Amino acid sequence: MSEFLDQDIKFLPGVGPQRAEMLKKELKIFTFNDLLYYFPYKYIDRTKFYRISEITGNMPYIQLKGSIVRFETTGEGARQRLIAHFRDESGVMELLWFQGVKWVKENVKAGVEYIVFGKPSIFNGKVNIVHPELEPAENKQVSVGVFQAYYNTSEKMKQKFMTSKALNKFQFNLSALIEGKIFETLPPSLISKLKLMPLPVALRQVHFPENPNLLKNALFRLKFEELFYIQLRILSLKHNREGSFKGFVFSKVGYNLNTFFSNHLPFELTNAQKKVVKEIRKDMGSGKQMNRLLQGDVGSGKTLVALMTALIAFDNGFQVSLMAPTEILANQHYNSIKKMTDGLGINIALLTGSTKKAKRTIIHEQLEDGSLQLLIGTHALIEDKVNFQKLGLVIVDEQHRFGVAQRAKLWKKNEFTPPHVLVMTATPIPRTLAMTVYGDLDVSVIDELPPGRKPIQTLHYYENRRKQVYDFIREQVTVGRQIYIVYPLIKESEKLDLKNVENGYDLLKQVFPRYSISMVHGKMKPAEKDAEMQLFKEGKTQIMVATTVIEVGVDVPNASVMIIESSERFGLSQLHQLRGRVGRGAEQSYCLLMSSYKISNESRKRLETMVRTNDGFEIAEVDMQLRGPGDLEGTQQSGIGFTLKIANLGRDGEILQHARNQASDLLDEDPKLQKQENQILVYHLLKMKNTEFNWSSIS
Ligand code: ADP
Ligand code: MG
């Protein structure tokens, strides 16, 4: 990087100390370089002019040409507003200012031809544009090519007239200075092989595109570079880790797995389960430490895979720990695994927050002398002083509830050789996100559900169908099924007008006086929750009223109906998780999404997606497109070690795959990045490392 570009932004012509403060505070633009890498969020075609008579209510940003007939001020003080009556040859409309009235009055003149730019709206049947951008038509625009770039700015900046246009101007001033001062950041061989646009050209085109094709190439070059470096970083860390850590070699398949296969397996494995177990076995036998993410939709049978993985560890004389995010789940795993391995003589214990001291002491002893083979539990597994004699495998269930740091603690339970790690998640992660967030893990996917399951039928009902819903509940309970009813909040929030779970419970008691109803929510003690859950599991209650605490993992095959109240309030992946609580038995299952009439477009899209598909991966893709990857559940905790300035994981999947392939090829050829021409990569990787999240702390 040239020193020139590291200069304080205040030295850029047109900026100065005050605006520099604003740029630093609001946009984190400290240097020339930061500005150069502050990319537009959109481009608008400024070759087209609309006529006032063509304007409708829902147009995007448009451009008009005409002049102001007269100004008019209404209101007093803070409520003052300025109206300009603006005319072209087709008609008249209003331009409106609520802020900066004084400035507009002093600077904008009636009778002069202006280019007006803004988003039209309709108010009281009249067309207007609020806070338009104005430019005298005779001014030759510095910035306008075919497309004009638009930059995000903050409200605070806008109040000081630091609009997108001002940024445009700064970019223009910068572009005049940096000729010959930008250096290539990728090796020449890669540039020529992939026919990438040279960096200086790309940086100019991205801010001042000359034509659509050049813009496209510029965007590609910059996105590629951004994703390529992330992939190079992840993959080289993975290489290094594999190079420096040996893993335990689980070479044997012995008594435990064999006996389980022939005598205990309650059903045929699905092909997907078989495939995944094979991948895991190969990995654990390779001499490398396994770091594997197991993705499988809800109900795909991950527990069984986890158990078989553990059996391989026992066969090789190692201990295993299985960590679940909640006590309910830890209990459930403990009970089902105990049942499935009955007679094999495996010593299994459960350790949670509510395990009694005396019991704990025994567990600790048995862990240290090696007689305890499998420890199942919650966070207590990490928080406690838990020491293993020979920990060979760590399984983490429903990973999205755990943070990276928590996982890291488990990684470190052994002094010399780290245990193999299997992370299981039921929140399908879009491929692109998995490649980045979990890019250093190998991924196995169970892409098939056990046979005989009927796809869950999902319906969206408005409030007015409530009576039919109650009838349906009656019908299902009469034939012996059980029902979940999920509410979004615990405490009533007047603002959102959500039904709280306790009201729901009281209401349902009145509607169904002869049914027994369980309730669980986040404010209950773990023991209370467990007791309620247990009643439902044993079929002693017909209806389970709950908040999203039942979202993960709970398995009650006889429950065949999931009713989600105020479903418009839930995120897509959450809805999908909740739906996954039913459809586990042989009966036809249903998911009813209740909502009010008034829902946003985005909510509608979520509910439509739920009705349309049961495929968790498809849902995850839609979710990412709707929300952007940064918001996705679990990704915050996963600690994505980068911020994307230009690429978008939702939209740029292909470029990402391309970048990953290129990074992988490059590391195959030059694993330690020792070639002269790759030194440029080493330099930039080092720079990334110094400025970002410490990836190596994960493993
Ligand atoms: P998840 O992947 O959501 O953790 P589970 O492991 O809880 O799924 O399995 C869901 C249900 O499917 C359980 O009741 C389990 O016993 C059952 N199951 C798992 N594998 C199979 C299989 N191969 N055939 C039939 N049922 C299976
Ligand atoms: Mg599970």
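What counts, and where the lines are drawn
Residues numbered from 1 in each chain as written. Chains lettered and ligands numbered in written order. Predicted model: local features only at pLDDT ≥ 70, side-chain atom pairs only at ≥ 80, totals over all residues. Heavy atoms only, no water. Near = heavy atom within 4 Å. Polar contact = N/O pair within 3.5 Å; in protein donor to acceptor, adjacent residues only side chain to side chain. Areas by Shrake-Rupley, 256 points an atom, 1.4 Å probe, with all protein chains shown as cover. Helix = DSSP H or I, 4+ residues; strand = E, 2+ residues; numbered from the N terminus. Nonpolar A, V, L, I, M, F, W, Y, C, P; charged D, E, K, R; others polar. Core = buried A, V, L, I, M, F, W, Y, C linked by side-chain atoms within 4.5 Å. Buried < 20%, exposed > 50% of the residue type's maximum accessible area, 1.4 Å probe, protein only. Contact = heavy atoms within 4.5 Å. Arc of directions from axis to C-beta. Pairing = 2+ DSSP bridges. Axes fitted to C-alpha atoms, helices over the stretch in contact; angles between N-to-C directions.

Observations concerning the site of ligand 1
Next, step 1: Near ligand 1, the surroundings consist of 17 residues, among which Glu268, Gly299, Lys302, Thr303 and Arg453 are the closest.
Next, step 2: Within the backbone of Glu268, an N or O atom sits 2.7 Å from a nitrogen atom of ligand 1.
Next, step 3: In this structure, an oxygen atom belonging to ligand 1 sits 3.3 Å away from a side-chain N or O atom of Arg584.
Next, step 4: When the free accessible area of ligand 1 is taken as 560 Å², the share hidden by the protein chains comes to 84%.
Next, step 5: With 3 residues, the top contributor of residues to the shell around ligand 1 is helix α11 (residues 302-315).
Next, step 6: Residue composition of the shell around ligand 1, grouped by class: 5 nonpolar, 6 polar and 6 charged.

Observations concerning the nonpolar core
Buried together is how nonpolar side chains tend to be arranged in soluble globular proteins.
Next, step 1: Membership of the largest hydrophobic core comes to 42 residues, with the highest contact counts inside it found for Phe260, Leu311, Val320, Leu374, Ile376 and Ile395.
Next, step 2: Per element, the largest residue contribution to this core is 10 residues, and it comes from α11.
Next, step 3: With residues near it in sequence (within four places) discarded, Phe260 still touches Tyr255, Leu265, Leu304, Leu307, Met308, Leu311, Met340 and Leu344.
Next, step 4: By size, the runner-up hydrophobic cluster in this structure holds 35 residues, among which are Leu232, Leu235, Ile429 and Leu666.

Section: helix α9 (residues 255-264)
Next, step 1: The set of residues buried in α9 consists of Asn256, Leu257, Thr259, Phe260 and His264. When α9 is viewed along its axis, its buried side chains cluster within an angular range of 170° and face the same direction. With respect to the buried face of α9, the exposed residues turned more than 90 degrees away are Tyr255 and Ser262.
Next, step 2: As for α9, its buried residues are in contact with α11 and α12 (327-340).

Examining the sheet that holds strand β14 (residues 391-396)
Next, step 1: In spatial order, the strands read β12-β13-β11-β14-β15-β10-β16; together these 7 strands make up an open sheet with parallel pairing. At either end of the open sheet lies a strand with only one pairing partner, and these are β12 (348-351) and β16 (442-446). Adjacent strand axes in the sheet meet at a mean angle of 20°, parallel and antiparallel pairs treated alike.
Next, step 2: Bridge count for strand β11 (residues 319-323) against strand β13 (residues 374-377) is 4 bridges, and the pairing is parallel. Bridging across to β13, Leu322 finds its partner in Ile376.
Next, step 3: Of the strands in this sheet, β11, β12 and β13 are in contact with α12, which crosses β12 at around 170°.

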